[in-house]
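Structural characterization, general
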Amino acid sequence: MSDNYKKAGVDIHAGYEAVQRIKKHVARTKIPGVVGGLGGFGGLFELAAAGKYDEPVLVSGTDGVGTKLMLAFKLGKHDTIGIDAVAMCVNDIITVGAKPLFFLDYIACGKVVPDIMEDIIAGVSEGCVQSGCALIGGEMAEHPDMMPENEYDIAGFCVGIVEKSKMITGENIKAGDVLIGIASTGVHSNGFSLIRKIISEKNLNLNEIYFGEKNLGEVLLTPTKIYAKSIINLCENLQPKGMANITGGGFIENIPRILPAGLGAEVDIFHDTRAWEPPAIFHFIQHHGNIPEEEMYNLYNMGIGMVIVTAKEDAKKTIEFLRSNGEEAAVIGNVIEGEGLTLLGERLL
C-alpha cells in the first residue's frame, strides 16, 4: 500500500522519519501540565498545573507566517520560520495578560523532506521555549499536486490562561495616559508581499549586504520577537491598562483597537523628536519602494513591536521594569480625546 501511495506522491516513510526527528525538539518545550507525548489523536494539557485561578479565562489565537515563507524558500533557510509562527499567535494572546500554556502547529507541504521539517519544528520549539509554553501536537500534511514539492505553509494555534479579574481590557484607559513602545527585531512577519514586489522590481539581491553586517535575506528572515515572558512579568507586577501587538496594519490600525470609544492616540514620528530610531531595514524599504511615511506606519511596526498603555505617573517605573527584563522601551505617544491615531510630524516629513 505504501508503494502505491508513494507513486501517488505521498511518502509516508519520510513522514515517519520527520516525526522521529522532531521528537527531541518537542521535548525541549515540555512544561508542567503536559500529559503524554507525540503520537496521540489529541494534544493533552492538565489545566490544574497552570496554577490556582478563581475565575480562569482561556485565551486563544491562531495565525500564520504569510509570504515571508517565500524568502525562506529562496534562501533555503527554514530554522527560524517556526519562531515566527509561534510569535504571531503568542504576541496576540499576551495583550490581555494571558500566560501561554500550549501551542499546536499545522504544516502543509508539497513533499515531506525530513531535513526541512526538522528545521521548521526546531524553530517552533525554540519559539515555544521563548514563550514558556509547550508544543503538544500538530499536523504534517503532504499535498502532492496541490502544492509545489519545494514549498510549504505553516500556521499555529496557541492557548493561554488569565485570571478574569486581572485581564487587560483597555476599559480604564483615559486621556492623558501614555503609550510605551517596546522595540521590535525588524520587520517581523507582516508586509512581505510588498517587500517581495520591491525586491523584484528593483532587482535587489537577497545575498547582498546593503547596510549593516548581514545580507538582505538574513535581515528579512530575522524572526519575530516574542514578548511573552517580559509582558507576563509586567502584568504580574504593574498591571498595565492596555496592550497592542503591532502586527498587520501597523500603528494606525492596531493602537486604536485597544482604546475605549471617544479616545484616540497620538504618536510622535518626527525624525528629530521621536523616542526611537526605526531599524535600517524600514528606511531601506521606504526608499526603494518610494512609500509615503504614513503608509509605512500603516503597514509595518517601524521598530516598535508592542505598545503598552499606562498612566503617566506609572510610565517611568514601567519602562525601568521592561528594561530590567531585557526590553528596549520608551514613551512614544499619548492617549487623547477623539478617535483614531494621529502621527505627529507626518506633514513635516
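One numbering rule holds for all chains: residues counted from 1, following each sequence as written. Per-residue local features are limited, in this predicted model, to residues with pLDDT of at least 70; the limit for side-chain atom pairs, both in listing and counting, is 80 or more; totals at the level of whole chains, interfaces and linings are taken over all residues. Hydrogens are left out, water is left out, and the side-chain values use all remaining heavy atoms of the structure.

Considering the overall build of the protein chain
- Of regular secondary structure, the protein chain possesses twelve helices and twelve strands.
- Using C-alpha atoms as the atom set, the radius of gyration is obtained and then compared with a globule rule of 2.2 Å times the number of residues to the power 0.38. What you see for the protein chain is a C-alpha radius of gyration of 21 Å, in line with the 20 Å of a compact globule of 349 residues.
- By principal-axis analysis of the C-alpha atoms, the protein chain measures approximately 70 × 55 × 35 Å.
- Accessible area is worked out with a 1.4 Å probe on protein chains only. A residue is then buried under 20% of its type maximum, exposed over 50%, and partly exposed in between. The proportion of buried residues among the 349 residues of the protein chain is 49%.
- Whether two residues are in contact is decided by their heavy atoms: any pair within 4.5 Å suffices. Taking the contacts inside the protein chain whose residues are at least 6 apart along the sequence as the reference set, 84% of them involve residues at least 24 apart. Working definition: helices are DSSP H or I runs of at least four residues, strands are E runs of at least two. Numbering for both runs from the N terminus.

Points about the sheet that holds strand 3 (residues 56-64)
- Pairing within the open sheet is mixed, and its four strands lie in the order 3-6-4-5. Since the sheet does not close on itself, it has two edges, and those belong to strand 3 and strand 5 (134-142), each with one partner. Geometrically, the sheet is characterised by an average inter-axis angle of 15 degrees between neighbouring strands, direction not taken into account.
- The pairing criterion for strands is at least two bridges between them, as found by DSSP. The sheet contact formed by strand 3 and strand 6 (residues 152-163) spans nine bridges and is antiparallel. Its bridge partner lying in strand 6, L58 is registered against I161. Note on method: axes are straight lines fitted to C-alpha atoms, helices fitted across the in-contact stretch only, with angles between N-to-C directions ranging 0 to 180 degrees.

Quick word on the nonpolar core
- Side-chain atoms within 4.5 Å link the members of a nonpolar core, which is a set of buried Ala, Val, Leu, Ile, Met, Phe, Trp, Tyr and Cys residues. Counting 95 residues, the largest nonpolar core has L220, F251 and V267 as the members making the most contacts within it.
- When sequence neighbours within four positions are dropped, the list of residues in contact with F251 reads I246, P256, V267, W276, Y297, Y300, N301, M302, I304, I332 and L341.
- V34, L101, A134 and I136 belong to the second-largest nonpolar core, a separate cluster that totals nine residues.

Considerations on the environment of F73
- Residue placement: F73 occurs in helix 3 (residues 68-75).
- As for F73 and N150, which are separated by 77 residues in sequence, their C-alpha atoms are 7.4 Å apart.
- Setting aside chain neighbours within four positions, we find F73 in contact with H78, N150, E151 and Y152.

A look at the side chain of D84
- Here D84 is to be found in helix 4 (residues 81-93).
- Since its relative accessible area comes to 0%, D84 is described here as buried.
- Residues within four places of D84 in sequence aside, it is in contact with V65, K68, H188, S189, T222, P223 and T224.

As for the environment of E328
- Residue placement: E328 occurs in the loop between helix 12 (315-324) and strand 11 (329-337).
- Residue E328 is classed as exposed on the basis of its relative accessible area, which comes to 61%.
- As for E328 and S200, which are separated by 128 residues in sequence, their C-alpha atoms are 33 Å apart.
- In this view, E328 contacts G181, I182 and A183; residues no more than four positions away in its chain are not counted.

Digging into the sheet that holds strand 12 (residues 341-344)
- Spatial ordering of the open sheet is given by 8-10-7-11-9-12, a layout of six strands whose pairing is mixed. Edge positions in the sheet fall to strand 8 (242-245) and strand 12, since each has one partner strand and no second. When strand polarity is set aside, the average angle formed by the axes of neighbouring strands in this sheet is 25 degrees.
- Bridging between strand 9 (residues 263-268) and strand 11 involves five bridges; their strand directions are antiparallel. Within strand 11, the position partnered with E266 by the bridge is N334.

As for the pairing of strand 5
- With seven of nine residues buried, strand 5 is to be regarded as a mostly interior element.
- Direction of pairing for strand 4 (residues 99-109) relative to strand 5: parallel, over a ladder of eight bridges. Note that in strand 5 the partner of F103 across the bridge is L135.
- Orient the strands so they point away from the viewer, and a crossover whose first-strand-to-second-strand path over the helix runs clockwise is right-handed. The handedness of the strand 4 to strand 5 crossover, carried by helix 5 (residues 114-131), is right-handed.

Here we look at the pattern of salt bridges
- Here, a salt bridge means any Lys or Arg side-chain nitrogen found within 4 Å of an Asp or Glu carboxyl oxygen. Throughout the structure, instances matching the rule amount to twelve salt bridges.
- Two residues, E17 and R21, come together in a salt bridge whose shortest N-O distance is 2.9 Å. On the criterion of helical spacing, the pair formed by E17 and R21 is a turn pair, its members being four residues apart in helix 2 (residues 12-27).
- Taking relative accessible area as the criterion, E17 reaches 37% and is therefore assigned partly exposed.

Overview of the packing of aromatic side chains
- Aromatic contacts are taken between Phe, Tyr and Trp rings whose centres are within 6.5 Å, Trp giving its six-membered ring; a plane angle under 30 degrees counts as stacked, one over 60 as edge-to-face, and the others as tilted. Within this structure, the stated rule accounts for seven aromatic pairs.
- Ring geometry for F211 against F284: centres 5.5 Å apart, planes inclined by 55 degrees, an arrangement best described as tilted. Of this pair, F211 sits in the loop between helix 6 (192-201) and helix 7 (216-220) while F284 sits in helix 10 (residues 280-289); the two residues are 73 residues apart in sequence, bridging distant segments of the chain.
- The interplanar angle of 10 degrees and the centroid separation of 6.0 Å between the aromatic rings of F251 and W276 together place this pair among those described as stacked. You can see F251 sitting in helix 9 (residues 250-254) and its partner W276 sitting in the loop between strand 9 and helix 10, a full 25 residues away along the chain.
- Judged by its relative accessible area of 0%, F251 is buried.
- Accessibility expressed as a relative area gives 11% for W276, which makes it buried.

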